[in-house]
Amino acid sequence: MSAFALPAGVFTAASAQAASIGQPAPDFTLNDTAGKAVKLSDFRGKPVVLEWNNPGCPFVRKHYNGNFQALQKEFTGKGVVWLAINSTRDDSPDYLSPAQLGRWMSDKGAATSATLMDEDGKVGQAYSARVTPHMYIVNAQGVLVYAGAIDSIPSAREADIAKATNYVRQGLGELLAGKPLSTATSQPYGCSIKYKSAAA
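Residues numbered from 1 in each chain as written. Predicted model: local features only at pLDDT ≥ 70, side-chain atom pairs only at ≥ 80, totals over all residues. Heavy atoms only, no water.

Participant: Summarise the environment of Ser 186; cite the residues concerned and give the values.
Facilitator: As for its placement among the helices and strands, Ser 186 is situated in the loop between α5 (167-176) and β9 (191-192). For Ser 186, a relative accessible area of 11% translates into the label buried. As a C-alpha pair, Ser 186 and Ser 152 span 34 residues in sequence and 8.1 Å in three-dimensional space. Within the structure, the side chain of Ser 186 is placed 2.9 Å from the backbone nitrogen of Ala 149, a separation counted as a polar contact. (Helix = DSSP H or I, 4+ residues; strand = E, 2+ residues; numbered from the N terminus. Buried < 20%, exposed > 50% of the residue type's maximum accessible area, 1.4 Å probe, protein only. Polar contact = N/O pair within 3.5 Å; in protein donor to acceptor, adjacent residues only side chain to side chain.)

See the structure below:
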């Protein structure tokens, strides 16, 4: 029995299989919330963070009470590209239209490079993203170097943020310092992604 209980509809998942650590990150093109096409490979030469996002998820809301915004501002200020991706199918109660999602991110003071719509779920499935927030780091050469949780405490309690090891901050710091990542994978936690064509 797990030492902690997660609410119904929430699960932890093994790290990505389709997108493998040490291999080129699957390329993709998605529209942002304003309808502009954004292609991952256009950012070659810069590290990229991929953040699977769903504002209806309490785990996402926990980190958008300031934690995500601080990380986004800190690392985009150091040349890192931060892409938030929403793979929620359009008939889910959690679905937000591009305009609604863009407004939510703006109201929260998010500092992403772009917020992208993956309504058919193909990009999320290519990365084996299973929960929100599921996090990935791609290095400047386009290779996937991290896949997993944002941090080490799988809870929806904001008070746990300060006590947790933030794997994304740690990994980006090591990457920018030219060091190998001390944690390349972790078990992601959060709300299951409501995919259009796959049972989550």
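Once the structure has been displayed, the description carries forward.
Participant: I'd like a rundown of the nonpolar core, residues and numbers included.
Facilitator: Residues Val 49, Trp 82, Met 135, Ile 137, Ile 150 and Leu 172 are the most contacted members of the largest nonpolar core, which totals 29 residues. If you list the elements that add at least two residues to this core, you get α1 (58-63), α2 (67-76), β4 (81-86), α3 (98-107), β7 (135-138), β8 (144-148) and α5. Among the elements that take part in this core, α5 stands out by supplying four residues, more than any other. Once you skip the residues sitting within four places of it in the chain, Ile 150 turns out to touch His 63, Asn 67, Phe 68, Leu 71, Pro 133, Met 135, Thr 165, Asn 166, Tyr 167, Val 168 and Tyr 189. Residues Leu 40, Leu 50, Ala 129 and Tyr 195 belong to the second largest nonpolar core, which totals 23 residues. (Core = buried A, V, L, I, M, F, W, Y, C linked by side-chain atoms within 4.5 Å. Contact = heavy atoms within 4.5 Å.)

Participant: Could you give me a rundown of the pairing of β8, with the residues and numbers involved?
Facilitator: Every regular strand shows the same layout, with side chains that alternate between the two sheet faces. Within β8, five of the five residues are buried, leaving the element largely enclosed by the surrounding structure. Inspection of the sheet shows β7 paired to β8 by four bridges, in the antiparallel sense. By the bridge assignment, Tyr 136 is partnered in β8 with Ala 147. Hairpin remark: β7 followed by β8, antiparallel, with five residues in the connecting loop; positive phi at Gly 142, about 85°. (Pairing = 2+ DSSP bridges.)

Treat this as a map of the structure, not an account of what it does.
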